[in-house]
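Residues per chain, in single letters:
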Amino acid sequence: MTASNSQDRVLRERAQAVIPGGMYGHQSVALLPDDYPQFFERGEGAYLWDADGRRYLDLMCAYGPNLFGYAHPEVDAAYVRRLGLGDTLTGPTALMVELAEALVGTVGHADWAMFCKNGTDATSMALVVSRAHTRRKTVVRAKGAYHGAAAWCTPRPAGVIDSDRAHQLFYDYNDVASLEAAVAQAGDDLACVFAAPFRHDAFIDQAEPDPAYARRARELCDATGALLVVDEVRAGFRIARDCSWSRIGVEPDLSTWGKCLANGHAISALLGSDKARAAAAAIYVTGSFWYEAAPMAAGLETLRLIRETDYLERMTRLGERLRAGLSERARGAGFGFRQTGPVTMPLFLFDDDPDLRKGFCFASEMLARGVYVHPWHNMFLCAAMTEADIDAALDAAEGAFGALKRQAGGLPPVEKLAFLSSGAR
């Protein structure tokens, strides 16, 4: 940390005293370059200000929740209006019914909705509903896929015991034979198959779903009576105005939603077909804040914007502009630079960069030029971005590639990512 990170440094020191590890979870910067700020002051539109007052064009969008721009006036006004009338009450408001109706009217496979707070709530609820519906135990899911931070699916094993991970089998995403083998191994005990909308694992190239794989997942669930779950928490409404697999003609039985559902306000959802309605009604799930009215008001306004604006088309055009411009600049600097995933949710990785030392250098140089990118996690575009923002990011990238070219021969190993090359991930 440098002198320009003085306030961030002070906050980190204070946090070390009162927060285990100084920070935890996906917003910890422990695995990011050392100059990345941990604490932020505010966000507006496509921009973010850190605790020391520096502004960044934010290509992380709060790890996904920012769809229409930070502090969106219409969404936030709906939230504040409802907050003034009451938020957490002894029972829900009519907004819960209205939001469920709006989601059922938006997502093709959905006949009902249940609300919670985090993506992990929704995916865990999907697992319980699947087991209640089938009266079976085994879940089949892709190796390396992220479905939340509960004990059954957390990527870190500390505090997790074998029984937490029992009754799970794994397959390789997009590999039909691997999926079929896992389903065969589950036999008569298969409760559900979990799938991400596309492969968006950290540290590796992203991949669109192979239609043959998606169709086979649907066929296997139909043949066995298991439920197909598509986890939309990260990608929902960023690549389609429906469930992401609607683009390839495959409908799940259950889908899980969160992040941008209310443009940054805390709400997530489990959507399901009539097939699983009785099971969903039979399980017991709840939370003191799951029924809050203000996030539901924000969710209704967000869904209105999803229906009535060209946000997705604009984001897609901006993503294509960014991808083409970065490719041109990387080639000009002599780098193999891979951009994978949907253009609205890009991931950047360098060729011949096993411990991401090039990626770390590039990310730090982008940060120094006012653009917040991530060296190993997929990023997100938001509808508040403009062509001028993308062009500014491309200007920053030209400088960052140039700086990387000058330093590439002498970059030290990234010790905090040594596990990538050791096979310990």
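As the structure is a computational prediction, the values presented were derived from the model and not from experiment. (Residues numbered from 1 in each chain as written. Predicted model: local features only at pLDDT ≥ 70, side-chain atom pairs only at ≥ 80, totals over all residues. Heavy atoms only, no water.)

Enquirer: Is there a simple way to explain the sheet that holds strand β7 (residues 190-195) in this structure?
Expert: Picture the strands of a sheet paired through backbone hydrogen bonds; they go either parallel or antiparallel. What the 7 strands build is an open sheet, ordered β4-β10-β9-β8-β7-β5-β6; its pairing is mixed. With partners counted over all chains shown, the strands left at the sheet margins are β4 (112-116) and β6 (168-171), one partner each. The mean angle between the axes of side-by-side strands here comes to 20°, regardless of whether they run parallel or antiparallel. Pairing between strand β5 (residues 138-142) and β6: 4 bridges, direction parallel. Bridged to valine 140 within β6 is leucine 169. Against the sheet, helix α5 (residues 176-186) touches β5, β6 and β7, its axis set at about 160° to β6. (Pairing = 2+ DSSP bridges. Helix = DSSP H or I, 4+ residues; strand = E, 2+ residues; numbered from the N terminus. Axes fitted to C-alpha atoms, helices over the stretch in contact; angles between N-to-C directions. Contact = heavy atoms within 4.5 Å.)

Enquirer: Teacher, can you tell me more about the layout of surface pockets here?
Expert: If a probe the size of a water molecule is rolled over the atoms, the empty space left behind becomes visible. Its volume calculated, the second largest pocket comes out at about 370 Å³. Lining the second largest pocket are 18 residues, and of these Gln27, Gln38, Phe40, Ala62 and Tyr63 sit closest to its centre. Grouping the constituent residues of the lining of the second largest pocket by class yields 12 nonpolar, 5 polar and 1 charged. (1 Å grid on protein atoms, 1.4 Å probe; cavity = no way out; pocket = protein on both sides within 12 Å on 5 of 7 lines; lining within 4 Å. Points joined across faces, edges and corners; volume = space filled by probe spheres on them. Nonpolar A, V, L, I, M, F, W, Y, C, P; charged D, E, K, R; others polar.)

Enquirer: Hey, could you run me through the pairing of strand β8 (residues 227-231) in this one?
Expert: Along any regular strand the residues' side chains alternate between the sheet's two faces. Of all the 5 residues making up β8, 5 are buried; the element is thus mostly covered by neighbouring parts of the structure. Going residue by residue along β8, you find Leu227, Val229 and Asp231 tucked away on one face and Leu228 and Val230 tucked away on the opposite face as well. Where β7 lies against β8, 4 bridges are found, and the strand directions are parallel. Looking across to β8, one finds that valine 193 is bridged to leucine 228. Between β7 and its parallel partner β8, the chain crosses via helix α6 (residues 211-224), and the hand of that crossover is right-handed. The pairing of β8 with strand β9 (residues 254-257) spans 3 bridges and is classified as parallel. Across the sheet, the residue bridging to valine 230 is serine 255, located in β9. (Buried < 20%, exposed > 50% of the residue type's maximum accessible area, 1.4 Å probe, protein only. Right-handed = clockwise from strand over helix to strand, strands pointing away.)

Enquirer: Can you walk me through the sheet that holds strand β1 (residues 40-44) in this structure?
Expert: Read from one edge to the other, the open sheet built from 4 strands follows the order β1-β2-β3-β13, with strand pairing classed as mixed. The open sheet has two edge strands with one neighbour each: β1 and β13 (371-372). Looking at chain direction, strand β2 (residues 47-50) and strand β3 (residues 55-58) are connected through 3 bridges and run antiparallel. Of the residues in β3, the one forming a bridge with tyrosine 47 is leucine 57.

Enquirer: Would you explain the pattern of salt bridges in this entry?
Expert: Side chains that differ in sign of charge can pair as their charged atoms come close. If you walk through the whole model with that rule in mind, you get 26 salt bridges. Between aspartate 253 and arginine 218 there is a salt bridge; the shortest N-O distance is 2.9 Å. One end of the pair, aspartate 253, is in the loop between β8 and β9; the other, arginine 218, is in helix α6, and 35 residues separate them in sequence. Both residues of the pair, aspartate 253 and arginine 218, belong to the buried class. Two residues, glutamate 313 and arginine 241, come together in a salt bridge whose shortest N-O distance is 2.8 Å. Of this pair, glutamate 313 sits in helix α9 (residues 311-333) while arginine 241 sits in the loop between β8 and β9; the two residues are 72 residues apart in sequence, bridging distant segments of the chain. By relative accessible area, which is 26% here, arginine 241 ends up partly exposed. (Salt bridge = Lys/Arg side-chain N within 4 Å of Asp/Glu carboxyl O.)

Enquirer: I tried to follow the pairing of strand β12 (residues 347-350) on my own but got confused; where do I start?
Expert: Side chains Leu347 and Leu349 project from β12 onto one buried face, and the interleaved Phe348 and Phe350 project onto a second face that is buried too. One ladder, built from 4 bridges, connects strand β11 (residues 337-340) with β12; its direction is antiparallel. What sits directly across from arginine 338, in β12, is leucine 349. Once β11 ends, the chain turns through 6 residues before running back antiparallel as β12, passing glycine 341 with a positive phi of about 90°.

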